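Here is how the chains run, residue by residue.
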Amino acid sequence: MRGVFVDANDSLAVIFERLEQPGDPKVRINRDPDITSAQYPALLDGAEIAVVDHTALPTEIAKKCTGLKHVVFLGTGARSYMNPEELAELGIEVHLIKGYGDTAVAECAIALMWEGARGLASMDRGIRAGNWLRDDAMQLTGKTLGLIGYGGIAAEVARIALGSGMRVIAWNRSPKKHPKVEFVELDELLSESDVISIHLLLNDETRGMVSRACIEAMKLGVILVNTARGAIVDEEAMIEALKSGQIRHAGLDVFNIEPLPADHPLTKLPNVTLSAHSAFRTPEASENLIGAALEHCRRIAKGK
């Protein structure tokens, strides 16, 4: 059984090679993170396994990938890059990797929250431009953090926030319990939270879930953090709320269009902190990620 890591950057390629073991299925590493979807058939060349970091695999392209039976997606958000149900109809199974970067993403969410409260990035930009701009910050100790969705990442965010003296409330689609976290209805979370952080997978149910109505129901001057997926939030409504002050600040690691165009409306707003979908990028998370991908390949090769 053969595989191809189709879009490896240098750092992931090095980790992949280091963690490979004797007897592993042969996986060729293509050191080019900028491939296009159209290159899949030639790159795979009949291989049964495709290890994919971030390159979209449209169903029409997958039909041309003769021999492809498994996609090992490096993360949980495969649905943003391919349609798992349509691929399943072609006999291609999509394998996800969960939990590898929970701490890394949580720390990024916390950093974006603190940035929104303190305005450090805007002050930095101002000082570099010769301006001495100071505004009153938001003190977060004693404030309420609302988590929309409660999986491994949200649990890590809760751990850090509780340690810094915040009250943590959460809403989840299925019942959950966690020490010191209050689980509430969504409307209560929206109205009570000083900071809201989104932690949902993107699917048909969650696409656009943080709607205009949800944003209007949020507490005036809320900080909104999104390290999940851009399409979960009504972007137009969020931008309007940022302009009006309904949202004090947005810390965003994910967007509807990635990379974010330089002329995008979000780049023009002073009360937004932009991060290049990099919340998961730490050496520790990458090690976990590639290790789990190799375990998938080993399991597939053994027919399990």
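Residues numbered from 1 in each chain as written. Predicted model: local features only at pLDDT ≥ 70, side-chain atom pairs only at ≥ 80, totals over all residues. Heavy atoms only, no water.

**Some points on the side chain of His277**
To be explicit about the condition: Helix and strand assignments come from DSSP, with helices taken as H or I runs of at least 4 residues and strands as E runs of at least 2, each series counted from the N terminus. Side-chain atoms alone can form a polar contact between residues adjacent in sequence; in general such a contact is a pair of N or O atoms within 3.5 Å, and within protein one must be able to donate a hydrogen while the other accepts it.
Tracing the backbone shows His277 in the loop between β12 (272–274) and α11 (283–301). Of note is the side chain of His277, whose polar atom sits 2.7 Å from the side chain of Glu258.

**Thoughts on the pairing of strand β7 (residues 167–171)**
The cut-off we apply is this: With a 1.4 Å probe rolled over the protein chains alone, any residue whose accessible area is under 20% of its type maximum counts as buried; one over 50% counts as exposed, and the rest are partly exposed. When DSSP locates at least two bridges between a pair of strands, those strands are taken to pair.
Counting buried residues along β7, 4 of its 5 residues qualify, which places the element largely inside the surrounding structure. One ladder, built from 5 bridges, connects strand β6 (residues 144–148) with β7; its direction is parallel. Residue pairing across strands places Leu145 opposite Val168, the latter belonging to β7. Direction of pairing for β7 relative to strand β8 (residues 181–183): parallel, over a ladder of 3 bridges. Opposite Ile169, over in β8, you have Glu182 as the bridge partner.

**Side note on the sheet that holds strand β5 (residues 93–95)**
Short version of the rule: For helices, the axis comes from a line fit to the C-alpha atoms of the stretch in contact; other axes are also lines fit to C-alpha atoms, and the angle between any two N-to-C directions lies between 0 and 180 degrees. We call two residues contacting when some pair of their heavy atoms lies within 4.5 Å.
With parallel pairing, the 5 strands of this open sheet are ordered in space as β2-β1-β3-β4-β5. Of all strands in the sheet, those with a lone pairing partner are β2 (26–29) and β5, marking the two edges. Sheet twist, expressed as the average angle between the axes of neighbouring strands with direction ignored, equals 20°. Two strands pair when backbone bridges link them, and strand β4 (residues 70–73) and β5 are joined in this way by 3 bridges, in the parallel orientation. Paired with His70 across the strands is Glu93, a residue of β5. Most of the contacts of helix α1 (residues 10–19) go to β2, to which it runs at about 155°, and overall it touches β1 (2–5) and β2.

**Describing the pattern of salt bridges**
Formally: Any carboxyl oxygen of Asp or Glu within 4 Å of a side-chain nitrogen of Lys or Arg constitutes a salt bridge here.
One pass over the structure, following the stated rule, counts 13 salt bridges. For Arg31, the salt bridge is made with Glu17, and the minimal N-O distance between the two is 3.0 Å. With a gap of 14 residues between them, Arg31 in the loop between β2 and α2 (40–44) and Glu17 in helix α1 connect regions that are remote in the sequence. Classification of Arg31 as partly exposed rests on a relative accessible area of 41%.

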